[in-house]
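Coordinate inspection notes
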Amino acid sequence: MKQYDVIVAGGGTAGVSAAIAAARRGSNTLVIEQYGHLGGTAVGGIPFLGALDGSGRVVNRGIFLEIVDRLKKENACFGYAQGSRWNTEDDYQFSLVPFDPEIYKYVAQEMVLESGADILLHTYVTDVKVENGRIQSVEVANKSGKQLINAKTFVDCTGDADLVAMAGGKFIENSSRQNCSILFRAGNVDLDMLEEDLKNGRSIAGWGEWHTRVTRGQKIGTEKPGLIHLAGHMVFGPDEPEITFTAVSVREGEVSLNATRVPGLCAFDGNDVTKAEILERKNVMRIFKMMRERIPSFKNAVLIGTSPIGFRESRNILGDYILTKDDVLKGARFSDGVAQGAYPIDIHDPNGGRTKFMFIKDGGSYEIPYRCLIPVDLKNVLVAGKTISATHEANGSSRIMACVISQGEAAGTAASVCIKNEADTRSVDGTQLKKTLGINENY
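So, here's what we can say about the structure. (Residues numbered from 1 in each chain as written. Predicted model: local features only at pLDDT ≥ 70, side-chain atom pairs only at ≥ 80, totals over all residues. Heavy atoms only, no water.)

Pairs of aromatic rings are described using the distance from one ring centre to the other and the angle between the two planes. Per the stated rule, a full pass over the model turns up eight aromatic pairs. Relative to phenylalanine 288, the ring of phenylalanine 184 has its centre 6.4 Å away and its plane inclined at 80 degrees; by these criteria the two rings are edge-to-face. Here phenylalanine 184 is found in strand 11 (residues 184-187), whereas its partner phenylalanine 288 is found in helix 6 (residues 270-294), with 104 residues between them in sequence. Phenylalanine 288 sits in the buried class, given a relative accessible area of 6%. An aromatic cluster is present here, built from Phe48, Phe64, Phe99 and Tyr104 joined pairwise through their rings. Across the ring face of phenylalanine 171, the terminal group of arginine 315 is positioned such that the distance to the ring centre comes to 5.6 Å. The residue whose ring lies beneath arginine 315 is phenylalanine 268, and the NZ or CZ to ring-centre distance is 4.1 Å. (Phe/Tyr/Trp six-rings, centres within 6.5 Å; stacked < 30°, edge-to-face > 60°. Helix = DSSP H or I, 4+ residues; strand = E, 2+ residues; numbered from the N terminus. Buried < 20%, exposed > 50% of the residue type's maximum accessible area, 1.4 Å probe, protein only. Lys NZ or Arg CZ within 6 Å of the ring centre and 35° of its normal.)

What follows concerns the pairing of strand 16 (residues 255-258). Residues Val255 and Leu257 point to one face of strand 16 and Ser256 and Asn258 to the other, with burial holding for every one of them. Bridge count between strand 15 (residues 243-248) and strand 16: three bridges; the pairing is antiparallel. Bridge pairing in strand 16 places threonine 246 opposite asparagine 258. Remark: six residues form the turn of the hairpin made by strand 15 and strand 16, two consecutive strands paired antiparallel; glycine 253 in that turn has positive phi of roughly 90 degrees. (Pairing = 2+ DSSP bridges.)

This part takes up the sheet that holds strand 5 (residues 92-97). Here three strands make up an open sheet; going across it, the order is 3-5-4 and the pairing antiparallel. Only two strands of the sheet have a single neighbouring strand rather than two, namely strand 3 (48-49) and strand 4 (81-86). Bridge count between strand 3 and strand 5: two bridges; the pairing is antiparallel. The partner of leucine 49 across the bridge, within strand 5, is leucine 96.

Now for the nonpolar core. Formed by 99 residues in total, the largest nonpolar core has its most connected members in Ile7, Phe48, Leu71, Tyr104, Val138 and Tyr370. In terms of residue count, helix 9 (residues 401-421) provides more of this core than any other element does, eleven residues in total. Ignoring sequence-local partners within four residues, the contact set of leucine 71 consists of Phe48, Ala76, Cys77, Phe99, Ile103, Tyr104 and Val107. With 34 residues, the next largest nonpolar core counts Ile204, Ala276, Met290 and Met291 among its residues. (Core = buried A, V, L, I, M, F, W, Y, C linked by side-chain atoms within 4.5 Å. Contact = heavy atoms within 4.5 Å.)

With that out of the way, let us pick up unusual backbone geometry. Even without a glycine there, the phi angle at asparagine 132 is positive, about 50 degrees. Counting through the fold element by element, asparagine 132 comes out in the loop between strand 7 (124-131) and strand 8 (134-142). Despite not being glycine, glutamate 422 shows a phi value in the positive range, around 50 degrees. Tracing the chain through its elements places glutamate 422 in the loop between helix 9 and helix 10 (430-436). Judged by relative accessible area, glutamate 422 falls into the exposed class, the value being 73%.

Shown next, in the form of structure tokens:
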């Protein structure tokens, strides 16, 4: 049985940075991933959001900025896209970092390998062995069958807090969860016409509404500025429900869309996950056909690809501290604030209605305490990603990818401290960890 210092369960958005951080600090690290690639939600076609606050200040640094720089070097990203605003009274700036999701699969893989971490793909964690509040080993299943792998410290980046659940951890009671989606990418789209379709209400409504964001700028492969981001509502007739959507383009003629949704399904129920995948693929095909028929800019569009089903909300661990809506909206600071977020609280209606936003005071940012990463009753487990200890509302911001990457870096760094000091997660000095990560009040 192989022995590791740190096992990162889940090689998605948080798991990549957790594995890199732990391995770089000398911990013998393994990241276990169910798919055939790393990257998680980040390779579905959605951009990095919330890396700048509402005033345009850089919030997420460290490994997040390294990822952006590597994507730039691969000609898969042009950096921050700015220039539009949420049409609110506070003049809240909107920004995003679009990138090529296929190239990110490679970048994530190479950065993890370069850090010295091992990768185990096409593998599920199926059980854990626990003694006195400590996970001793994980049982995994793949083409080699089942096996046990030992480690001293574990980072749960599964997106559903699976390790914590298997270990008997506790969760925040939440009867209302955000809906789930499949993202899809289309080619041969007339993006200049798409903006005109929105302005003129050609099957797209919302021009001039507070949430409308149209961002233009430099794109990959062309010197001509073009449409990078657009938000609105598809309106296909009185018998069709309004479809709120965002469209993001990194190359001319290509656009990734976040449009379809299924409410009321559970991310950690096998039958519900299957149902969600089936229903959303039906939704994508149905809506894409209507887009081609009724939105002029999509007349000649082709469907390039779709993501796996993605759940915006799953379990949330009960941690040593629970991040709240007030913490987010007031821009709270903590002595052990080891990650930062700056995106508004973004709640996709659990009942399928319009998305609701709540904005951070003065367009600022907030910190996430190290204590939110520590599950109660477990001694050698940390959590990063959308399942940290946060309320339903707070999770509407803390789940955003730039913030999640910073959480992963914090968890991986803390795990390496545990290994170095031969100690449990609660022995890590959160104030010192904050300094090590370079987080300060000027962000």
